[in-house]
Amino acid sequence: MNLDRSLVEGATYLELVMAAATIVSLLVVSAPYGRHARKGFGPTVPARLGWVLMESPSVLLFGAIFFTGAHRFEAVPLAFLAMWWFHYLNRAFVFPARLPPTSQPMPLLVAALGMGFNFLNSVVNAGWIGHVGQYDSTWLADPRFWLGLGMFGLGFGINHRSDMRLLALRKPVETGYKLPKGGLHEWVSSPNYLGEIVEWFGWAVATWSLSGLAFALYTVANLAPRAWQHHQWYRQKFPDYPPQRRALIPFVW
C-alpha cells in the first residue's frame, strides 16, 4: 500500500469538510446511542460489539497502513504509533469489555458510520506519519513534541478516569442512569469528552500536521454537540443537578 501526498491531503480535506457537516447535523439530531438511544434507526447490535466494530479500524487498519509506509521503522513515527495505539487499544477492546451487559444496544447504522469515519481517519493520520510526513530524530527534542505529548497524556488521563467513574455508577445488573460525582464531573457534565478533545489537540501539536488538526477539529465537531445534549438531559432528569456545572468547559460552557 503506497499512499502519496495528494491522496493523504485529499483525505484530510475531506475530513475537514466532514467536521463541518457533522457539527451542523449533530446540533439538529442527537446521535441515537447510549442515553439518547431511540427507535427508528434500523437494526441494533449489543453495545460492546458496536464499539468494537466502530473503533477496531483505528487499531488494525491504522497499523496496516503505517507498516507499509517508508517511515515505519523511524523513531518519531514509531513514537506516534505508540501514542495512537495507547488510546485505541483501550477504546476498541478494553473499554467495550467494561461496559455493563445492560447497556443500551447500538444501531448498526451508528456503528457503520463510526467505522467509515475511522477508515478515513486512519488513511489521514497513518498515511501522514507512516508515508508522507518527514520527521528526523531531532523532533523528539522539539518543544512541540513534548507539549503535544503532555496534552495527549493529560487528555487521556481525564478521559479514562471520567469513563471509569461513569462505569462505576451502574452495577452489572442495573439499568438506568445516576448522577455522576467527583473529579471533573463536579465542574462539567462530560469531562470524558473534554479529555478526548485535549488528547487529540495534543496529537495535532505533537505531529504538527494538518492531518492531526483535522482529527482534532472533527473530535470537537462530534463531541461538543453531544456534551451539550448530555448537559440538557442531566438537567431535565435530575431536578437538583448542580448549577455550577457547565457542559464541557469549566466555568465557560
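Before reading further, recall that the structure is shown in the block above.
Residues numbered from 1 in each chain as written. Predicted model: local features only at pLDDT ≥ 70, side-chain atom pairs only at ≥ 80, totals over all residues. Heavy atoms only, no water.

1. Digging into a nonpolar patch on the surface
Applicable threshold: Exposure above 30% relative accessible area and no salt bridge define the residues that can form patches, which grow by joining like charges within 9 Å and nonpolar side chains of Val, Leu, Ile, Met, Phe, Trp and Tyr within 5 Å. Surface exposure here means Shrake-Rupley accessible area, sampled with a 1.4 Å probe, where a residue is shielded only by the protein chains that are shown. Whenever Lys or Arg places a side-chain nitrogen within 4 Å of a carboxyl oxygen from Asp or Glu, that contact is recorded as a salt bridge. Put simply, DSSP H or I for four residues or longer makes a helix, DSSP E for two residues or longer makes a strand, and each gets a number counted from the N terminus. Only protein chains enter the accessibility calculation, which uses a 1.4 Å probe. A residue is then buried if its area is under 20% of the maximum for its type, exposed if over 50%, and partly exposed in between.
Together, W187, W228, I249, F251, V252 and W253 make up an exposed nonpolar region whose accessible area comes to about 630 Å². As for its position among the elements, W187 is in the loop between α6 (143-168) and α7 (191-207). We classify W187 as partly exposed; its relative accessible area is 36%.

2. Observations concerning helix α4 (residues 75-98)
Put simply, the test is: Between the first and last residue of a helix there are one fewer steps than residues, each counted as 1.5 Å, and that sum is the expected span. To get the bend at any residue, fit one axis to the seven residues that end at it and another to the seven that begin at it, then take the angle between the two axes.
For α4, with 24 residues, the first-to-last C-alpha span of 33 Å sits near the 34 Å given by 1.5 Å per residue. Where α4 bends most, at R91, the angle is about 40 degrees.

3. Examining unusual backbone geometry
Backbone geometry places W208, a non-glycine residue, at a positive phi of 50 degrees. Relative to the helices and strands, W208 is located in the loop between α7 and α8 (210-237).

4. Focus on the nonpolar core
Definition in use: By nonpolar core is meant a set of buried Ala, Val, Leu, Ile, Met, Phe, Trp, Tyr and Cys residues that side-chain atoms within 4.5 Å join together. Any two residues whose heavy atoms approach within 4.5 Å at even a single point are treated as in contact.
With 36 residues, the main nonpolar core has F80, W84, I129, W200 and W203 as its most contacted residues. Listing elements by their share of this core, those giving two or more residues are α1 (5-28), α3 (57-66), α4, α5 (108-132), α6, α7 and α8. Sequence-distant contacts of I129, that is, excluding residues within four places in its chain, are made with F62, F66, H71, P77, F80, L81, W203 and T207. Ranked by size, the runner-up nonpolar core spans 13 residues in total, among them L26, W51, M54 and F95.

5. Structural notes on the packing of aromatic side chains
Where we set the bar: Ring pairs shown here join Phe, Tyr and Trp side chains whose ring centres sit within 6.5 Å, with only the six-membered ring taken for Trp; geometry is labelled stacked below 30 degrees between planes, edge-to-face above 60, and tilted in between. Cation placement over rings: the criterion is NZ of Lys or CZ of Arg within 6 Å of the ring centroid and within 35° of the ring normal.
The final tally for this structure, using the stated rule, is 28 aromatic pairs. A ring pair is formed by W84 and Y88, whose centres lie 5.1 Å apart and whose planes are at 35 degrees; its orientation type is tilted. Taken together, the positions of W84 and Y88, both in helix α4 and four residues apart, correspond to about one turn of that helix. Here the two residues W84 and Y88 agree in accessibility, since each one is buried. Relative to Y234, the ring of W233 has its centre 5.4 Å away and its plane inclined at 70 degrees; by these criteria the two rings are edge-to-face. By relative accessible area, which is 17% here, W233 ends up buried. Over the aromatic face of W233 sits the side chain of R35, whose NZ or CZ is 5.0 Å from the ring centroid. A cation over an aromatic ring shows up here: R170 above the ring of Y177, its NZ or CZ 5.0 Å from the ring centre.

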